[in-house]
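# Architecture and fold: a report
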Amino acid sequence: EDEPFSTSTIRAGNVVLVPLRVRGAIPDGEVLAVNVAHEGGDSSLRIAEGERLTFSASNAGVAALIAVRLDPKLDRTTNATFRARSGNIPLAWSITFMVLTGLFILFVVWHRAVLPHPADDRPTADATAAAVLREFGETFVSFFRKPGIGIALAFLLLFRFAEAQLVKLASPFLLDSVDVGGLALTTGEVGFVYGTVGIVALTVGGLLGGFLAARDGLKHWLWWMVIAINLPNAVYIYLSFATPDSFWAVNAAVAVEQFGYGFGFTAYLLYMIYVSDGPHKTAHYAICTGFMALGMMIPGMFSGWLQDLIGYRHFFVWVLIATVPGFVVSGMIPLDPAFGRKEAASD
């Protein structure tokens, strides 16, 4: 129930203070919890303090202040809707977790009935602690004994060497002011660019990559995917030098980059499956995902420092140069021409 109501707001810089108080009395010993949330409109207006308020008999008549922060780059009229709700918080959480529990039970039943069960997916005869540890060690060591594992690890670490640096600075670039080389978009605009346009383009690119790889095999499309994940990074060079005023130009550029990323990342995922094939494929795929995370983490550790040193324009030029290792390792990995094709997988 929407009990609190607001009085006139107070503006201080880019922060608006909204007083709220409770209608009616609160019985002694009871606490009324009020949650305030952004429900619609421009996300450039967001709550800085006061998302959760508590009222009791002692402060029922006292207005509580909610601080709403406005993006300082806003230069137009905008609006947002915030709603304050109160109720039985413990009951609400109980219902939430009961619903989640029920969903997980349904997922277990569904997966048990639908997911395939490979013939070699069965428990080992010796399940003692010593046997489990020995098996774990053998599984880990066998991964690094795979033929060509050195080139495979180089591919996992370097294929996204450029993208790993770009992804850390893309949003700050869009948000930063023009005087430091950014595009000065509002947080709401950046949310739309990446949260809507970028997600759609990424999804379409990934679906297209999966469809083509299933039709013709990974090797047939490998170089197109390498190009797709690397060369569209050049759109940020354009954005940093041209600093276009058109919001749609920014959306188009990010859509191109995200589509290329989605299309090219298909090669990375399929190659992890290729490397993991054989005994212990599930554990070996998990090891591959660890190297995938490492390949994103290490370049991201120095990307911010590098951008501070050379600025956005030269940083994005460097990102394009940093695509070279990805091209080099892609040309060195061995691949079965039939791998990835749907017909081959069904044989």
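Numbers given to residues run from 1 along each chain, matching the order in which its sequence is written. Where local features are concerned, this predicted model is filtered to residues with pLDDT of at least 70; where side-chain atom pairs are given and counted, the filter is 80 or more; whole-chain, interface and lining totals use all residues. Derived side-chain values reflect all non-hydrogen atoms in the structure, with water molecules and hydrogen atoms excluded from consideration.

## Here we look at the overall build of the protein chain
Along its length, the protein chain carries 11 helices and eight strands. In this treatment the radius of gyration is a C-alpha quantity, and the globule benchmark scales as 2.2 Å times the residue count to the 0.38 power. Taking 20 Å as the expected radius of gyration for a compact globule of 347 residues, we find that the protein chain reaches 27 Å, considerably beyond that expectation. With the C-alpha coordinates of the protein chain rotated into their principal frame, the extents come out at 75 × 60 × 35 Å. Each of the 347 residues in the protein chain was classed as buried or not, and the buried ones make up 37%. Across the protein chain, every contact between residues at least 6 apart in sequence was considered, and the portion connecting residues at least 24 apart equals 75%. A run of DSSP states H or I qualifies as a helix once it reaches four residues; a run of E qualifies as a strand once it reaches two. Both are numbered from the N-terminal end. Exposure categories follow from relative accessible area, calculated using a 1.4 Å probe and restricted to protein chains: below 20% of the type maximum is buried, above 50% is exposed, and the middle band is partly exposed. Any two residues whose heavy atoms approach within 4.5 Å at even a single point are treated as in contact.

## What to know about the sheet that holds strand E8 (residues 80–86)
Read from one edge of the open sheet, three strands run E6-E4-E8, paired in antiparallel fashion. Edge positions in the open sheet fall to strand E6 (52–55) and E8, since each of these has one partner strand only. Within the sheet, the average angular offset between the axes of one strand and its neighbour, ignoring direction, is 25 degrees. Relative to E6, strand E4 (residues 32–41) is paired through four bridges, and the arrangement is antiparallel. Within E6, the residue paired with Ala33 across the bridge is Thr54. Strand pairing requires that DSSP identify at least two bridges connecting the strands. All axes here are fitted lines through C-alpha atoms, helices being fitted over the stretch that makes contact, and every angle between N-to-C directions spans 0 to 180 degrees.

## Points about unusual backbone geometry
At Thr243, a residue that is not glycine, the phi angle is positive and equals roughly 40 degrees. Mapped onto the secondary structure, Thr243 falls in the loop between helix H7 (234–242) and helix H8 (247–276). Exposure remark for Thr243: the relative accessible area of 28% places this residue in the partly exposed category.

## With respect to the packing of aromatic side chains
Side-chain rings of Phe, Tyr and Trp, where Trp is taken by its six-membered ring, are said to pair if the distance between their centres is within 6.5 Å; with planes under 30 degrees apart they count as stacked, over 60 as edge-to-face, and otherwise as tilted. Enumeration according to the criterion identifies 26 aromatic pairs in this entry. When the ring of Trp221 is compared with that of Phe263, the centres are 6.3 Å apart and the planes differ by 90 degrees; the resulting orientation is edge-to-face. Here Trp221, found in helix H6 (residues 218–230), pairs with Phe263, found in helix H8; they are 42 residues apart in sequence, far enough to count as distant. By relative accessible area, which is 16% here, Trp221 ends up buried. Taking the relative accessible area as the measure of exposure, Phe263 reaches 7% and is therefore buried. Each member of the aromatic cluster is reached from another via a ring pair, and the members are Phe155, Phe159, Tyr261, Phe265, Tyr268, Tyr271, Tyr274 and Phe339.

## Side note on the side chain of Gln307
Here Gln307 is to be found in helix H9 (residues 281–321). On the accessibility criterion, Gln307 (8% relative accessible area) is buried. Look past the residues within four positions of Gln307 in its chain and what remains in contact with it is Leu169, Tyr312 and Phe315.

## Some details on H7
Within H7, the full set of buried residues consists of Val235, Tyr236, Ile237, Leu239 and Ser240. Against the buried residues of H7 lie helix H4 (161–175), helix H5 (187–216), H8 and H9. Looking at the residues trailing H7, positive phi occurs at Thr243, about 40 degrees.

## Re the confidence of the model for the protein chain
Known as pLDDT, the predictor's per-residue confidence is scaled from 0 to 100. Across the protein chain, pLDDT averages 85, with 91% of residues at or above 70. In this model residues 1–7 is a low-confidence stretch, pLDDT under 50, and it forms 22 contacts with partners more than four residues away in sequence or in other chains.

## Regarding the pattern of salt bridges
Put simply, a salt bridge is a Lys or Arg side-chain nitrogen that is within 4 Å of an Asp or Glu carboxyl oxygen. Counted under the stated rule, the structure contains two salt bridges. Arg215 serves as the salt-bridge partner of Asp216, at 2.9 Å between the closest nitrogen and oxygen. By relative accessible area, which is 44% here, Arg215 ends up partly exposed. Across the pair Asp277 and Lys281 runs a salt bridge, and its minimum N-O distance is 3.7 Å. Judged by relative accessible area, Lys281 falls into the partly exposed class, the value being 43%.

## Regarding the packing of H5 against H8
Axis separation between H5 and H8 bottoms out at 7 Å; the angle between their running directions is 35 degrees. Between H5 and H8 lies a crossing whose hand is right-handed. Considering only residue class, the contact of H5 with H8 consists of 19 nonpolar, nine polar and two charged. Crossing chirality is assigned from the near helix's rotation relative to the far helix, an anticlockwise turn below a right angle marking it left-handed and a clockwise turn marking it right-handed. Any residue outside Ala, Val, Leu, Ile, Met, Phe, Trp, Tyr, Cys, Pro, Asp, Glu, Lys and Arg is labelled polar, Gly included; the first ten of those are nonpolar and the last four are charged.

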